[in-house]
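# Coordinate analysis (summary)
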Amino acid sequence: MDIATRVYNHRWKLDPIVRSLIDTDFYKLLMCQSVFTNRPDTRVTFSLINRAKDVPLAKLIDEGELRAQLDHIRTLRLSRGESTFLRGNTFYGKRQMFRPDFMEWFENFQLPPYHLERVGDQYELTFEGSWAEAMLWEIPALAVLMELRSRAVLGQMKRFELQVLYARAMTRVWEKIEGLQGLEGLRIADFGTRRRHSFLWQDWCVQAMMEGLGERFIGTSNCLIAMRREVEAIGTNAHELPMVYAALAPDDAALAQAPYRVLADWQAEHSGNLRIILPDTYGTQGFLDRAPDWLAEWTGIRIDSGAPEAGAEAAIRWWQAHGQDPREKLVIFSDGLDVDRITALHRQFAGRVKVSFGWGTLLTNDFRGLAEGDGLAPFSLVCKAISADGKPTVKLSDNPNKAMGPAAEIERYKRVFGVGTQQAQAVTV
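Everything in this summary refers to the structure shown in the same document. (Residues numbered from 1 in each chain as written. Predicted model: local features only at pLDDT ≥ 70, side-chain atom pairs only at ≥ 80, totals over all residues. Heavy atoms only, no water.)

### Some points on the sheet that holds strand β10 (residues 330–333)
Strand order in the open sheet formed by six strands is β7-β6-β11-β10-β9-β8, and the pairing between neighbours is parallel. Two strands lie at the open edges of the sheet, namely β7 (217–220) and β8 (276–277), each paired on one side alone. Bridge count between β8 and strand β9 (residues 300–303): two bridges; the pairing is parallel. Across the sheet, residue I276 finds its bridge partner in β9, namely G300. In the packing of helix α10 (residues 199–213) onto the sheet, the strands contacted are β6 (188–190), β7 and β11 (354–359), and the crossing angle to β7 comes to about 165°. (Pairing = 2+ DSSP bridges. Helix = DSSP H or I, 4+ residues; strand = E, 2+ residues; numbered from the N terminus. Contact = heavy atoms within 4.5 Å. Axes fitted to C-alpha atoms, helices over the stretch in contact; angles between N-to-C directions.)

Spelled out as structure tokens, the structure:
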């Protein structure tokens with residue numbers, strides 16, 4: 001496919017940014033089924049949060065274009081082929097991962113209405129509804145904002161400028177892949193849906209990874225691309241689950257147990273490589289210090305904030321203290337990865353644990369330095385649950401720059417979860 005020509009032609013016709021309800025991360029569907037089962041009556045509000053205040057989205061993106069894309073997404077329904085893929089495919093070694101009652105609901109699903117308002121140079125974009133409904137806005141909303149920002153910059157470029165831009169970007173991706181080819185035993189997946197440059201570009205990156213890394217490329221988080229390219233759909237769970245469970249806790253004692261209640265519900269439904277702990281929502285070390293013994297038997301852990309080396313070392317010590325062999329455990333690194341960091345982490349931990357990588361934004365959206373004024377550089381845009389049944393949610397993270405929630409609640413959560421001094425790190429993506 002000639003991506004540059006396709007991008008150039010965006011100027012004359014609407015090319016939907018999100019073209020399917022399964023153009024989303026696999027873990028959203030897994031979590032949605034869990035929510036559908038365990039918390040069907042909880043109402044949640046999600047909100048777009050642009051951490052990069054120097055990127056004025058409301059000045060770059062036309063409100064009419066944004067509404068057109070969001071309205072289009074609300075017309076999407078699960079196709080027969082997509083339903084067959086979800087109902088009949090094998091995911092993580094299990095057939096019929098998605099139960100018939102959930103699939104019947106999903107086959108008739110329409111995303112709920114959205115609220116969009118311009119506030120200064122930013123957009124306020126929120127989604128409210130039952131948790132299972134509202135949560136499915138997160139990934140398509142991020143994809144739309146990221147790609148419309150890209151289109152705003154690309155729309156100022158001429159045909160041959162676009163050809164050169166994409167040639168340089170393709171060369172960059174391929175050189176990164178070449179840099180990973182020498183890592184023996186590498187296991188790496190595409191985690192780049194939420195902040196991708198575009199759908200077409202993510203699809204191209206997946207094909208490049210398939211060709212360049214072969215069996216070392218283990219799959220993609222994007223369900224639609226996984227179906228079309230016949231690769232594994234990859235993903236487990238995210239911070240959203242403990243954030244909402246915690247918000248619903250009636251007192252401090254229940255709050256302290258909320259992250260473990262989430263995983264008890266998850267364990268009742270999933271086994272094997274889907275039993276991956278994400279411990280950093282309220283601080284990794286505190287989570288491990290208070291974790292029930294049965295969690296040490298889980299398959300592995302995902303490191304998604306803070307210093308990844310410190311998180312992995314803490315997990316190794318914790319497994320050893322619980323009589324587990326860390327060499328049999330899986331550590332997935334997924335925060336702000338690029339080739340140098342992947343290489344260093346692989347060399348430090350290969351042989352000590354089973355190492356895997358979820359490579360996100362700097363795989364599917366690394367156009368740094370390729371446009372005037374660095375106008376295509378990736379930036380940190382998230383869409384998070386901000387309230388559950390009217391109660392505010394909180395995320396602390398291992399990086400205080402990623403913390404979110406009302407200040408008083410953040411302090412309360414720090415006290416309950418015993419979070420001490422944290423080292424702030426720059427948030428690039």
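Moving on from the coordinates now.
### Some remarks on empty space enclosed by the protein
One pass over the full model with this rule turns up four cavities of 30 Å³ or more. Taken as a whole, the largest cavity holds about 90 Å³ of empty space. In terms of lining residues, the largest cavity is bounded by 13 residues, among which P242, P259, L278, T281 and F287 are the most central. Broken down by element, the residue count for the lining of the largest cavity peaks at three residues, all from helix α13 (residues 252–269). The computed volume of the second largest cavity comes to approximately 70 Å³. Together, V18, S20, L21, D23, T24, I73, F106, F109, L111, L136 and P140 line the second largest cavity. Of the residues in the lining of the second largest cavity, the class split is eight nonpolar, two polar and one charged. (1 Å grid on protein atoms, 1.4 Å probe; cavity = no way out; pocket = protein on both sides within 12 Å on 5 of 7 lines; lining within 4 Å. Points joined across faces, edges and corners; volume = space filled by probe spheres on them. Nonpolar A, V, L, I, M, F, W, Y, C, P; charged D, E, K, R; others polar.)

### Quick notes on the packing of helix α12 (residues 240–247) against α13
It is the contact of α12 with α13, at a shortest axis distance of 8 Å, that shows an interaxial angle of 130°. Put simply, α12 runs oblique to α13. Here α12 and α13 pass one another in a crossing that is right-handed. Residues L241, P242, Y245 and A246 of α12 form the contact with α13, whose own contacting residues are L255, A258, P259, R261, V262, D265 and W266. (Parallel < 35°, antiparallel > 145°, perpendicular 65-115°, else oblique. Left-handed = near helix turned anticlockwise from the far one by under 90°.)

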